[in-house]
Amino acid sequence: MGTAVEGTVRGMFTCEVCDLSSPFTYYGQKPPNTRAIVLLEECFVMKDPFSPDKERFLILGSKCSLCNKDVCVGTDCSLFYTKRFCLPCVRQHLDQFPQQVQSELAKKKPVQKTS
Amino acid sequence: MSDDRGDSRAWDWDSPQCRAQLDEIFFRPHDYIQAGSPEHKEFWAFFERFQRFKAKRDMFGSRAANKRDPHESKKKRSDSQAVDLGLPKEYDARYRINVSVCTRDVEERLGVSEHRQRSTSSGPGKQEVADCRLALLHFLDFTQKQSFGKLAKLKREQKSLPIFQYRERIVELVRTHSVVVVAGDTGCGKSTQVPQYLLSAGFSHIACTQPRRIACISLAKRVSFESLNQYGSKVGYQIRFESSRTPVTKLLFLTEGLLLRQIQQDPSLSQYQVVIVDEVHERHLHCDFLLGVLRSLLAMRPDLRLILMSATINIKLFSSYFGHAPVLQVPGRLFPIQVIYQPIPPEEQSSRSEKLDPRPYLRVLQGIDQRYPPEERGDLLLFLSGVAEISTIMEACQTYATHTRRWIVLPLHSTLSLAQQDKVFDIAPPGVRKCIISTNIAETSVTIDGVRFVVDSGKVKEMSFDPKAKMQRLQEFWISRASSEQRKGRAGRTGPGVCYRLYAESDYEAFAPYPVPEIHRVALDSLVLQMKSMDLGDPRSFPFIDPPPASSIQTAMTYLREQGALDARGELTTIGRLLAQLPVDVVIGKMLVLGSLFNLVEPVLTVAAALSVQSPFLRSAQHNPDCSTARQPLHSNQGDPFTLLNTFNSWVQVKGERGSGSRKWCRRRGLEEQRLYEMVNMRRQFKELLRSHGLVETEESSVSVQDRSQRRERLSERQRLHQLKREHDLQENSRRKVLRLEEDPENAGSSGSDEEGGTGRGKKRKEDTGSNLDIQEVKFKLRHNVNELQEAAAAGQDLSSWQQALLKLVLCRGLYPQLALPDEHNATRKDSEQVFHTRNKQGVVIHPTSVFASDPEVLHVPEHESSEFGADKGQSNRHQLLAFVTLLETNKPYLSNCVRVPALQALLLVANSVDSNADCTRLVVDGWLELSVSDAEAALRVLSSALTLRTEWERLLQAQLSQGGPGSTAGLGLAGPKPSRRDLEKLAEGLVRFLLYTEVSYSLRRLTALQSQNLYIGPQQDSGLPDSQNLNPLFPGMKTEPDPIKGGLRVSSYFTYNCLSDSKDLYSECLRTFWTCPHCDLHMPLTPLERMQHEATCRPAGEQQPEQDAESGKAESSSSSSSLTRLYHCDVCNKDLTLTSTEILKHKRQHLQ
């Protein structure tokens, strides 16, 4: 079916917490063809592989605003609260996060790397 | 937050107008989400949920949260370390979203009012825009989470596969070795993962073969999904009629047969860098052959990488075949399975003729009901050997199921309709288990999840080929240990399971370790033909991984020689080369080639296609009176191929008139429409093949006739269809349906005449509940032009009796030597006891699905026409033979797909060997059929016209075959003139006249073994002497010579005169009678043979052709290159002359006068 319009792969994104890795096609705050949409952090982005629409993007992850590690957007690895924090950093500074975030995290067991 | 609700009273979120105004801001034509798109619809649905959620939260949640917040955050803050993250004090879900949407510019342009006056401005106010924006942000966040969730799950699953940890090792091995064997059991993930590992390691142009077409499609789908290229074509598949391959395809799943065809076209297989052969342990014919071909190809392509993937069965065999290639063994992922041996007690064992005793099977069902609570899910898979066994056990299980209401019984075998087969994937309601009763199709081809219990009968029915009887045989065997383990494994795919083996452990120990490879079981005709066309040398010395018995190859060679595909030296003939290109049985290929000669292409294409797919007639519908009545008009008592032809043509008409209404039409007649779709595809492939070989003309006419608007219409229609197909493909992973317990037993059963009959019962079915789109119809329309097909069908629909006769002859010559003779006593037997004989097998019967099973009288010689007494006993001109497509022995040897032909005429026109006595009143065909003609004059006349017709037929066929086309003799500069239309018409007319209007009474019988042995007089003492009377000098052109084995005179490649041991050769001279040739003025006493020869070469004055043409015309197929003239030594003039036979006759006459 037709020609596949995939952006050129810029590199491999690998989450430093869970090891998830996938090629990304864009890094920054303004993925192509997103018009009014702006990302509030610099993200590793790829074309959404689960959408037939070529212009749907998928944010894979970004850098933790504290430790600067690449981390995926999975809720076991990081959270976004005005900025990106990897969960290890969140745990370190847990008291600075609002109650909602704290109780949310309390329910979670510490993540171990899936191998 | 949006608490001043009072303000927005005039604003109605549910009003389409209001929404449209917000669409103007957020979902403009170039925005990320556009108004009218599916996402846009999803957004508004999301919006409603979001608003409801907000309202709820505002009412209950916010109070509590607000209260606690200030205290606690203050307290914690004091303990905090040096770093201040600068996070906002008050929690807002908005802060959790990393996306923003800037619409200020649009808002300003649209003049969104800061303080909207209730009455004057109806546009959205700041608040509404903010609400909508917030919802949009949450929506975007939600969709991101959804997609990322899928991605993470996928990656997680990939990592958890047993093969994952071998990823680098595999890539490393492939880099360093030209052949690698990867062995792993079910569930290790080799089929989906290995190709991906290679892709991501940078390999491209990867071909991965599969034994089954369906696996090609499903693997391509799965792997493209997993490699995040679901909507691209990096990963594709190619099967016989379908391909998703594009120039960017890097990984292609294809069938073994197709890869072989590609090697046939491109012997170095330069289009691939890596070839993966999956499931090599299944040992299919094509796979074994492919391995042999690839092994020799590796010498030519040292850069090629070959990976064999197998279950952990017999790995050494594969490794050592490829010079001890490295083996990587991967553990499978199966849950523990408990094996329980429950051998069937002797009193419940059935003998061969009896029905299977269901008690052992019912005991297992009861046991499960007693031991496992119904809340514990898990279905049962029961392996039986065949369809009859399935229906026996099903009946019993169904009774039990109706009684307990804890089971839904479903059959599974390949002759079920696809919809029926599909049901095994549906889900049973809570508290009910599925009981799937299957053939070995569920051992490898069909994988059903959720099976917890397996019952293994230990039996399988396997096809084997009996070269002596030239018959396929479907026999029941004990399975192998490998199959037994495979069946057991089906219980442990989704959780721990139980396997009940209905045999003793000692039986298991005694099983063969592996199943017999296909190459040892089946007829090798097509394989040998393909090997010949690939220039692989002598098939007997080909280095197969496990060579088939030499006798098997010999049988195939002999067969191919009989069929005219190989010459006496075992080399491909012109027609053989063409047949090797056609992906069909030799007999079907022959039909196609023969049909292309006459104006019969369309019907022959249809028949050839119909005979190459499974029958569209569902067995289950046979006993349904409604179906039988509806089918009646399709039946032809000429034979099953004609019924198939009628069916296809009527279906095409319905399709043209009613489109997808054909589905109902088929249902009413108990037809599996899928088979008709397959036929139409195959038909087209055949046509293209014939066209590429110059055997049918390219049709420009129908295309050019279309005017521009029609073309445009067709184009937009195609676009619409493509769109439909895309949509269908997208939603294909739709959820499985839940089965109903209440379904009437026969509805779920194999005897199900369900869904049809217009009772409305079928209304609940899939097609009505699911999408109403008939995807097959869409694909059909995309691939075929209905109008063109309709024209073709119309051409085939009303065949004149002439065309019908010609078509029969073409089929018969294609099918030859697959002929059967009705037993002479059939007329006095019951319909169900009609017996037939083939050359190699006596006492075969007609398959109940055949038209002749229900209407055998049309095969009987009418009583009043055959003389009952004396020498004339059995004399008639109405004897018929059956030409058949398959002879398959199950519980009886059955003939399927038969067509009836007039015996004498058909035999004389197609048989490879016709032997006669001196006056040609006794003819023996192929050493087993004896025809006795009472009237010598008539016998001679018939034989003579047959000879003439065959010569001409052969000449025109050779001329047709030498017409261009790739791989034909054209490249060698041998392309002769195209057979003229006039000649063809004349031949067709001659053949039809001969078939329909030959009036000669004869008796027909099969010779006994003893008679066959002492058939010939054998070589005569004086045969070498030039003055022998037998060495008739009148027939130089025919290269008449004494037959070294049979005796008598070999007149043509297929006709030997006067070689039968009862011949009156002593008196042959007395048979000379005066005769005048109607064409030339010859008048002299001639023996029957001399007369025939003269007739064969003498043409009416008006038809005299240029000498050269006439020569090639007279040449027999076997001696086509030899010139008709020969050196003739005239004893009277004592001169050596180069003359044709006619010229010699004339010359001799000079001396007589």
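This structure is a prediction, so every number in the text was calculated from the model and none was measured.

**Student:** Just to check I follow, could you spell out the overall build of chain A for this structure?
**Tutor:** Looking only at helices and strands, chain A features two helices and nine strands. The helix and strand sequence of chain A, counted from the amino end, reads β-β-β-β-β-β-β-β-β-α-α. The buried share of chain A, reckoned over its 115 residues, is 50%.

**Student:** Honestly, the environment of Arg900 of chain B in this entry has me stumped. Any pointers?
**Tutor:** Residues and elements named next belong to chain B. Residue position: Arg900 is located in strand β21 (residues 893–902). The class for Arg900 is buried, based on a relative accessible area of 12%. Sequence separation between Arg900 and Asn637 is 263 residues, and the spatial gap between their C-alpha atoms is 8.6 Å. Once you skip the residues sitting within four places of it in the chain, Arg900 turns out to touch Asn637, Gln638, Lys808, Phe852, Val858, Leu859, Gln880, Leu881 and Leu882. A distance of 2.9 Å separates the side chain of Arg900 from the side chain of Gln880, its partner in a polar contact.

**Student:** Sorry if this is basic, but what is going on with the sheet that holds strand β23 (residues 922–925) of chain B here?
**Tutor:** Note on sheets: strands pair through backbone hydrogen bonds, and any given pair is parallel or antiparallel. In space, the seven strands of this open sheet follow the order β25-β24-β23-β22-β28-β27-β26 (chain B), with mixed pairing throughout. Each end of this open sheet is capped by a strand with a single partner; those strands are β25 (1002–1006) and β26 (1041–1042) of chain B.

**Student:** Whenever I open this one, the packing of aromatic side chains confuses me. Can you help?
**Tutor:** Aromatic ring pairs: the centre-centre distance and the angle between the two ring planes describe each pair. All names here are of chain B. Following the criterion strictly, the structure yields 34 aromatic pairs over all chains and no others. For the ring pair Phe26 and Phe27, a centre distance of 6.3 Å and an interplane angle of 50° mean the geometry is tilted. Side by side, Phe26 and Phe27 carry an identical accessibility label, which is buried. Judged by centre distance (6.1 Å) and plane angle (45°), the ring pair of Phe598 and Trp953 falls under tilted. You can see Phe598 sitting in the loop between α20 (586–597) and α21 (601–612) and its partner Trp953 sitting in helix α35 (residues 936–961), a full 355 residues away along the chain. Taken together, Trp13, Phe26, Phe27, Phe43, Trp44, Phe46, Phe47, Phe50, Phe139 and Phe142 form an aromatic cluster joined through their ring pairs.

**Student:** Where do I start with the nonpolar core in this structure?
**Tutor:** As a rule of thumb, nonpolar side chains are buried together in soluble globular proteins. If you look at the biggest cluster of nonpolar residues, it comprises 166 residues, and the most contacted ones within it are Val277, Phe598, Trp651 and Phe1055 of chain B. In terms of residues, this core owes the most to one element, α35 of chain B, which gives twelve residues. Apart from residues no more than four positions distant in its own chain, Trp651 of chain B is found in contact with Ser662, Trp665, Cys666, Glu673, Leu676, Tyr677, Val680 and Phe780 of chain B. Counting 56 residues, the second largest nonpolar core, distinct from the first, contains Cys15 and Cys43 of chain A together with Ile97 and Leu151 of chain B.

**Student:** Just to check I follow, could you spell out the confidence of the model for chain A for this structure?
**Tutor:** Residues and elements named next belong to chain A. A residue-level look at chain A finds 88% of positions with pLDDT of 70 or above and a mean pLDDT of 86. For chain A, helix α2 (residues 99–106) is the element with the lowest average pLDDT, namely 87, and strand β7 (residues 70–72) is the one with the highest, namely 96. Throughout residues 111–115 the model reports pLDDT below 50, and contacts reaching past four residues in sequence, or to other chains, amount to six contacts.

**Student:** Teacher, can you tell me more about the sheet that holds strand β13 (residues 451–456) of chain B here?
**Tutor:** All names here are of chain B. As summarised here, the arrangement of the six strands in space is β9-β16-β13-β10-β12-β11, forming an open sheet in which the pairing is parallel. On the outer flanks of this sheet lie β9 (337–341) and β11 (407–412), each paired with one strand and no other. Between one strand and the next, the sheet's axes are offset by a mean angle of 20°, whatever the strand orientation. With four bridges joining them, β13 and strand β16 (residues 497–501) adopt parallel strand pairing.

**Student:** Whenever I open this one, the interface of chain B and chain A confuses me. Can you help?
**Tutor:** Interfaces are often described in size by the accessible area the parts lose on coming together. Contact residues are listed per partner, giving 54 residues for chain B and 56 residues for chain A. Summed over both partners, the interface of chain B with chain A buries about 4,900 Å², with 58% contributed by carbon and sulfur atoms. Applying the counting rule to chain B against chain A returns two salt bridges. The closest approach of N and O atoms between Arg96 of chain B and Glu104 of chain A, which form a salt bridge, is 2.9 Å. Inspection of the chain B/chain A interface yields 18 residue pairs in polar contact (both at pLDDT 80 or more). Broken down by secondary-structure element, the contributors of at least two residues to the side of chain B that touches chain A are α3 (61–79), β1 (99–101), α5 (126–160) and α27 (708–730) of chain B. In terms of residue count, the dominant contributor to the side of chain B that touches chain A is α5 of chain B (ten residues). Pairing of strand β4 (residues 37–39) of chain A with β1 of chain B involves three bridges; the strand directions are antiparallel. In the strand pairing of β1 of chain B, Leu39 of chain A is matched with Val99 of chain B.

**Student:** What should I look at first to understand the pattern of salt bridges in this one?
**Tutor:** Proximity of charged atoms lets side chains of opposite charge pair with each other. Residues and elements named next belong to chain B. Summed over all chains, the structure comprises 56 salt bridges over all chains. The residue Arg359 makes a salt bridge to Glu348 at a minimum N-O spacing of 3.8 Å. Linking Arg359 in helix α12 (residues 359–371) with Glu348 in the loop between β9 and α12, this pair joins segments that are eleven residues apart in sequence. Given the relative accessible area of 41%, Arg359 is considered partly exposed. Here Asp449 and Arg493 are joined by a salt bridge, their closest N and O atoms 3.4 Å apart. With Asp449 in the loop between β12 (433–438) and β13 and Arg493 in the loop between α15 (481–489) and β16, this pair connects stretches of sequence that are 44 residues apart.

**Student:** What exactly am I supposed to notice about unusual backbone geometry here?
**Tutor:** One can expect most non-glycine residues to show negative phi and most peptide bonds to be in trans. Following Tyr816 of chain B, the chain continues to Pro817 of chain B via a peptide bond in cis, the omega torsion being 10°. Position of Pro817 of chain B relative to the elements: it lies in the loop between α32 (801–815) and β17 (819–822). The phi angle at Asn68 of chain A is positive, at roughly 70°, despite the residue not being glycine. Note that Asn68 of chain A resides in the loop between β6 (57–63) and β7. The backbone of Asp535 of chain B shows a phi angle near 55°, a positive value even though the residue is not glycine. The topology assignment puts Asp535 of chain B in the loop between α17 (525–533) and α18 (550–562).

**Student:** How should the side chain of Ser438 of chain B be read in this particular structure?
**Tutor:** Residue and element names in this part refer to chain B. Positionally, Ser438 belongs in strand β12. Accessibility expressed as a relative area gives 0% for Ser438, which makes it buried. In this view, Ser438 contacts Leu381, Leu382, Phe383, Leu384, Ile390 and Leu412; residues no more than four positions away in its chain are not counted.

**Student:** What am I meant to see in the packing of helix α1 (residues 16–26) of chain B against helix α2 (residues 38–59) of chain B here?
**Tutor:** A packed helix pair is summarised by two numbers, namely the angle formed by the two axes and the spacing between the axes. Residue and element names in this part refer to chain B. Between α1 and α2, the least distance of the axes is 13 Å, while the angle of their chain directions is 120°. The angle between α1 and α2 falls in the class oblique. Crossing angle aside, the handedness with which α1 passes α2 is right-handed. Residues Arg19, Leu22 and Asp23 of α1 lie in contact with α2, whose contacting residues are His40, Trp44 and Glu48. Taken together, the residues of the contact of α1 with α2 sort by class into two nonpolar, one polar and three charged.

**Student:** Could you clarify how one ought to interpret the side chain of Ser100 of chain B in this entry?
**Tutor:** Looking at the element boundaries, Ser100 of chain B is found in strand β1. Assessed through its relative accessible area of 13%, Ser100 of chain B is described here as buried. Every residue in contact with Ser100 of chain B, bar those within four places of it in the chain, is listed here: Ala36, Ile37, Val38 and Leu40 of chain A together with Arg94 and Leu137 of chain B.

**Student:** How should I be thinking about the confidence of the model for chain B in this particular structure?
**Tutor:** Detailed reading of the predicted model is not advised wherever pLDDT is low. Residue and element names in this part refer to chain B. Per-residue confidence for chain B gives a mean pLDDT of 82, with 84% of residues at or over 70. Looking across chain B, the model is least confident in helix α29 (residues 766–769), with a mean pLDDT of 38, and most confident in strand β6 (residues 274–277), with 97. In the predicted structure, residues 1063–1067 sits below a pLDDT of 50 and forms ten contacts with residues beyond four places in sequence or in another chain. In this model, residues 1104–1123 is a region of pLDDT below 50 whose contacts with residues beyond four sequence positions or in other chains number 31 contacts.

**Student:** Would you mind going over the pairing of strand β5 (residues 251–255) of chain B with me for this structure?
**Tutor:** Within a regular beta strand, the side chains point alternately toward one face of the sheet and then the other, so they alternate between its two faces. Residue and element names in this part refer to chain B. Most of β5 sits out of view: five of its five residues are buried. Along β5, one buried face is formed by Leu251, Phe253 and Thr255 and the opposite face, lined by Leu252 and Leu254, is buried too. Here five bridges tie strand β3 (residues 206–210) to β5, and the two strands are oriented parallel to one another. Paired with Gln210 across the bridge in β5 is Thr255.

**Student:** Quick question: what am I supposed to make of the state of the cysteines here?
**Tutor:** Joining two cysteines, a disulfide is a covalent bond between their sulfur atoms. Residues and elements named next belong to chain B. The final tally for this structure, using the stated rule, is zero disulfides over all chains. Between Cys208, a cysteine without a disulfide, and Cys216, which holds the nearest cysteine sulfur, the sulfur-to-sulfur distance is 8.1 Å. Judged by relative accessible area, which is 0%, Cys208 ranks as buried. Cysteine Cys397 shares no disulfide, and the gap to the nearest cysteine sulfur, in Cys435, comes to 4.6 Å.

Rules and cut-offs
- All residue numbers refer to positions counted from 1 along the written sequence of the respective chain.
- Following the order in which they are written, the chains are lettered starting with A and the ligands numbered starting with 1.
- Per-residue local features are limited, in this predicted model, to residues with pLDDT of at least 70; the limit for side-chain atom pairs, both in listing and counting, is 80 or more; totals at the level of whole chains, interfaces and linings are taken over all residues.
- Hydrogens and waters are ignored; side-chain quantities use all the structure's heavy atoms.
- Going along the chain from the N terminus, every DSSP run of H or I of four or more residues is numbered as a helix, and every run of E of two or more is numbered as a strand.
- Exposure classes here rest on a 1.4 Å probe applied to the protein chains alone. A residue is buried below 20% of its type maximum, exposed above 50%, and partly exposed in between.
- The criterion used for residue contact is that any of the two residues' heavy atoms lie within 4.5 Å.
- Within 3.5 Å is the distance limit for a polar contact, defined as a pair of N or O atoms, with the added protein rule that one can donate a hydrogen and the other accept it, and that residues adjacent in sequence qualify only through two side-chain atoms.
- Paired strands are those between which DSSP finds at least two bridges.
- In summary, the pairing rule links any two rings of Phe, Tyr or Trp, Trp by its six-membered ring, whose centres are within 6.5 Å, and it sorts them by plane angle into stacked for under 30 degrees, edge-to-face for over 60 and tilted for everything else.
- Only buried Ala, Val, Leu, Ile, Met, Phe, Trp, Tyr and Cys residues count toward a nonpolar core, and they belong to the same one when joined by side-chain atoms within 4.5 Å.
- Confidence of the prediction at every residue is given by pLDDT, a number between 0 and 100.
- Geometry is summarised by axes, namely lines fitted to C-alpha atoms with helices restricted to the contacting stretch, and by angles between N-to-C directions that run from 0 to 180 degrees.
- By convention, the term buried area covers the 1.4 Å-probe accessible surface removed from two parts as they join, with the contributions of both added.
- We define a salt bridge as a contact between a side-chain nitrogen of Lys or Arg and a carboxyl oxygen of Asp or Glu at a distance within 4 Å.
- Relative orientations are named as follows: roughly parallel for angles under 35 degrees, roughly antiparallel for angles over 145 degrees, roughly perpendicular for angles from 65 to 115 degrees, and oblique for any other angle.
- It is the rotation of the near helix from the far one that decides the hand of a crossing: anticlockwise by less than a right angle makes it left-handed, clockwise makes it right-handed.
- Each residue gets one label: Ala, Val, Leu, Ile, Met, Phe, Trp, Tyr, Cys and Pro are nonpolar, Asp, Glu, Lys and Arg are charged, and the others, such as Gly, are polar.
- Cysteine sulfur atoms that pair up within 2.5 Å are treated as a disulfide.

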